[in-house]
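One-letter residues, chain by chain:
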Amino acid sequence: MADHTQPSTEAVSSQTRMTEIRDMLSKAARMRRSDSAGDLMPNAVAKEVRHFYSGLSSKAEKLAFFLVLERDLGVDHGDVMEVATSLTSAQENGVPAILRAEEKLRQVLEPAHIQLLSQISKLPGGVKDIEGLNEEKDAVARQELQALSSSIKNLLAQWFAVGLLDLRQVTWESPGSILEKVLHYEAVHSMYGWEDLKRRLAPDRRCYIYTHRSMPGEPVVVLHTALEYEIADNIQVILSEPEVDRDECEYELEKRTTAVFYSITSTQKACSGKNYSMNFQTLHSTQHCLQFLAFNIGSDCSCTAPWKQQANDIPKTLLLEDEQKRILECHQNTDLSPLSLFKELLETSDWYLDSSIADCLKIPLIRLCTKLSGT
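Only a predicted model underlies this, so the values are computations on that prediction, with no experimental measurement involved. (Residues numbered from 1 in each chain as written. Predicted model: local features only at pLDDT ≥ 70, side-chain atom pairs only at ≥ 80, totals over all residues. Heavy atoms only, no water.)

Please provide a residue-by-residue account of the overall build of the protein, values included.
When helices and strands are tallied, the protein shows 17 helices and 5 strands. When burial is assessed residue by residue, the protein has 42% of its 375 residues classed as buried. Restricting the contact set of the protein to residue pairs at least 6 apart, pairs at least 24 apart contribute 72%. If you sum the accessible surface of the protein, you get close to 20800 Å²; carbon and sulfur atoms cover 51% of it. (Helix = DSSP H or I, 4+ residues; strand = E, 2+ residues; numbered from the N terminus. Buried < 20%, exposed > 50% of the residue type's maximum accessible area, 1.4 Å probe, protein only. Contact = heavy atoms within 4.5 Å. Areas by Shrake-Rupley, 256 points an atom, 1.4 Å probe, with all protein chains shown as cover.)

Rendered as structure tokens:
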């Protein structure tokens, strides 16, 4: 007996929405780059796609959108194989033929969704939109969208390169919208209100933000700096230090010779892992730190995450012979080498509470800070 069960309203609606998504993105698929026309993705299509995506409300709809981007606007593997074959035969026709075939291969290896995303990024607020789209993509699926994820990751890495970011100093006189975001985004040493922020912006403190040129009002990285007499041996010294007397600040700051970078927050996933804190040439060129400061050394006191990420970069020759012995004495009955034990101690969160361990690590850490600040 035939099954006369009617599809549910929800199923029909889902199919209709999927058709709408395919129809919308098919416009972008037809705008693939040709040999002579260059980038054919007009602003109108990019705007229409962005507006269409903003109207998708459910995870299922967004997943369908991403799947069409991945599959229908991805690499055509048949085209790749065909062009790769022609590249082999082009060797018989000389260098010009090889170059044409290589260019064709580059074109077919670039997914059409890269053109679409690049064009969206050129719209006002477009880079921010791609960032949001990327986060929503990760929320609905990962394994199914590997090619799309790779494309977006590479595009964001290009857009958020240090050379495309602007460095600005934030002061108490900065726009309220910026101050509010600096307060909100702080992820290393929390601030609990405007008084905390005001202390971070005092005469003996510096706050910098990186902004992207496509979204100048949005901090991408927030960097807090303390002007000190010497490198602090723990972060609480900096956080609890009373504010310098504003009437005597110029006299006081003349004595301070050390800039301590104690909090670095990346507000965008695209910036995760980028070591903006070590871009001292950029900081130096702005001369913000040099207003009252004889710049001797930079110190990153937000230790845990940076040391874990850079543990493999610690030079094997860092520890002197007597330092190796002292570190081994800190931990009896260990089979670890002095350098491995040094790394392991740094990865704990309470090593500084043990005065004997802190004393062993102090000089090597200062030496390591010096080496890293010069990279």
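Here the narrative resumes, following the displayed structure.
So what about the nonpolar core? Which residues, and what values?
The nonpolar side chains of a soluble globular protein tend to be buried with one another. In terms of nonpolar packing, the biggest core is built from 45 residues, with L25, V49, F65, F66, L69 and F160 touching the most fellow members. The element best represented in this core is helix α3 (residues 59-71), accounting for 6 residues. Here F66 is in contact with Y53, L133, E136, K137, V140, L145 and L148, once residues within four sequence places are set aside. Ranked by size, the runner-up nonpolar core spans 15 residues in total, among them F342, L345, L365 and L368. (Core = buried A, V, L, I, M, F, W, Y, C linked by side-chain atoms within 4.5 Å.)

Residues and numbers for the confidence of the model for the protein, please.
In this model, the protein carries a mean pLDDT of 75, and residues with pLDDT of at least 70 account for 74%. Put simply, helix α13 (residues 280-286) is where the protein has its lowest mean pLDDT, 39, and helix α9 (residues 176-185) is where it has its highest, 93. In this model, residues 275-311 is a region of pLDDT below 50 whose contacts with residues beyond four sequence positions or in other chains number 90 contacts. (pLDDT = per-residue confidence, 0-100.)

Explain the pattern of salt bridges to me, and be specific about the residues and the numbers.
A full pass over the atoms with the stated rule returns 14 salt bridges. Residue K62 is joined to E136 by a salt bridge in which the shortest nitrogen-to-oxygen separation is 3.2 Å. Residue K62 is found in helix α3, and its partner E136 is found in helix α7 (residues 126-140); the two are separated by 74 residues along the sequence. Classification of K62 as buried rests on a relative accessible area of 15%. Notably, a salt bridge pairs E186 with R200, separated by 4.0 Å at the nearest N-O pair. Remark: R200 occurs in helix α10 (residues 194-200) and E186 occurs in the loop between α9 and α10; sequence separation between them is 14 residues. Pair check on accessibility: E186 and R200 agree, each one buried. Taken together, the shared-partner salt bridges connect R199, D204, R205, E228 and E241 into one network. (Salt bridge = Lys/Arg side-chain N within 4 Å of Asp/Glu carboxyl O.)

Talk me through the environment of N43; I want residue IDs and the actual numbers.
When you line up the elements, N43 lands in helix α2 (residues 43-54). Separated by 77 residues in the primary sequence, N43 and I120 place their C-alpha atoms 7.7 Å from one another. When sequence neighbours within four positions are dropped, the list of residues in contact with N43 reads Q119 and L123.

Requested: an account of α7, with residues and values cited.
Given a rise of 1.5 Å per residue, 15 residues ought to cover 21 Å, and the 21 Å separating the end C-alpha atoms of α7 matches this to within 8%. All of the buried residues in α7 are G126, V127, I130, E131, L133, N134, K137 and D138. Down the axis of α7, the smallest arc covering the buried residues is 165 degrees, so these residues share one side. (Expected span 1.5 Å × (residues − 1). Arc of directions from axis to C-beta.)

How would you summarise the packing of aromatic side chains if you had to cite specific residues and measurements?
Considering all chains together, one arrives at 4 aromatic pairs under this definition. Measuring from centroid to centroid gives 4.9 Å for Y53 and F65, while their planes differ by 50 degrees, and the two rings are tilted. Taken together, the residues Y53 in helix α2 and F65 in helix α3 connect sequence positions 12 residues apart. Y53 sits in the buried class, given a relative accessible area of 12%. Judged by relative accessible area, F65 falls into the buried class, the value being 1%. Considering the side-chain rings of W172 and W194, the 6.4 Å spacing of their centres and the 75 degrees angle between planes classify their relative orientation as edge-to-face. Taken together, the residues span a long stretch of sequence, with W172 in the loop between β1 (165-170) and α9 and W194 in helix α10 at a distance of 22 residues. Its relative accessible area of 44% is what places W194 among the partly exposed residues. Through a chain of ring-to-ring contacts, the aromatic side chains of Y53, F65 and F66 assemble into a single cluster. (Phe/Tyr/Trp six-rings, centres within 6.5 Å; stacked < 30°, edge-to-face > 60°.)

Describe α3, naming the residues involved and giving the relevant values.
When the terminal C-alpha atoms of α3 are compared, their 18 Å separation across 13 residues agrees well with the 18 Å that a helix rising 1.5 Å per residue should span. Looking at α3, one finds that the buried residues are E61, K62, A64, F65, F66, L67, V68, L69 and E70.

So what's going on with the pairing of strand β3 (residues 215-228)? Which residues, and what values?
The buried fraction of β3 amounts to 12 of the 14 residues, a majority that puts the element mostly inside the structure. With 8 bridges connecting them, strand β2 (residues 205-212) and β3 associate as antiparallel partners. The residue of β3 that forms the bridge with Y210 is V221. A loop of 2 residues connects β2 with β3, the two strands running antiparallel in sequence. In this structure, β3 lies alongside strand β4 (residues 258-266), joined through 8 bridges in antiparallel fashion. Its bridge partner lying in β4, T225 is registered against F261. (Pairing = 2+ DSSP bridges.)

I'd like a description of the packing of α7 against helix α8 (residues 146-159), backed by residues and values.
The relative placement of two packed helices comes down to the angle between their axes together with the axis-to-axis distance. Between α7 and α8, the shortest axis-to-axis distance is 11 Å and the interhelical angle comes to 145 degrees. α7 and α8 meet at a crossing whose hand is left-handed. Packed against α7, whose contacting residues are V127, I130, E131, L133, N134 and K137, the element α8 presents L148, S149, I152, L156 and W159 at the interface. When its residues are assigned to classes, the contact of α7 with α8 shows 7 nonpolar, 2 polar and 2 charged. (Axes fitted to C-alpha atoms, helices over the stretch in contact; angles between N-to-C directions. Left-handed = near helix turned anticlockwise from the far one by under 90°. Nonpolar A, V, L, I, M, F, W, Y, C, P; charged D, E, K, R; others polar.)

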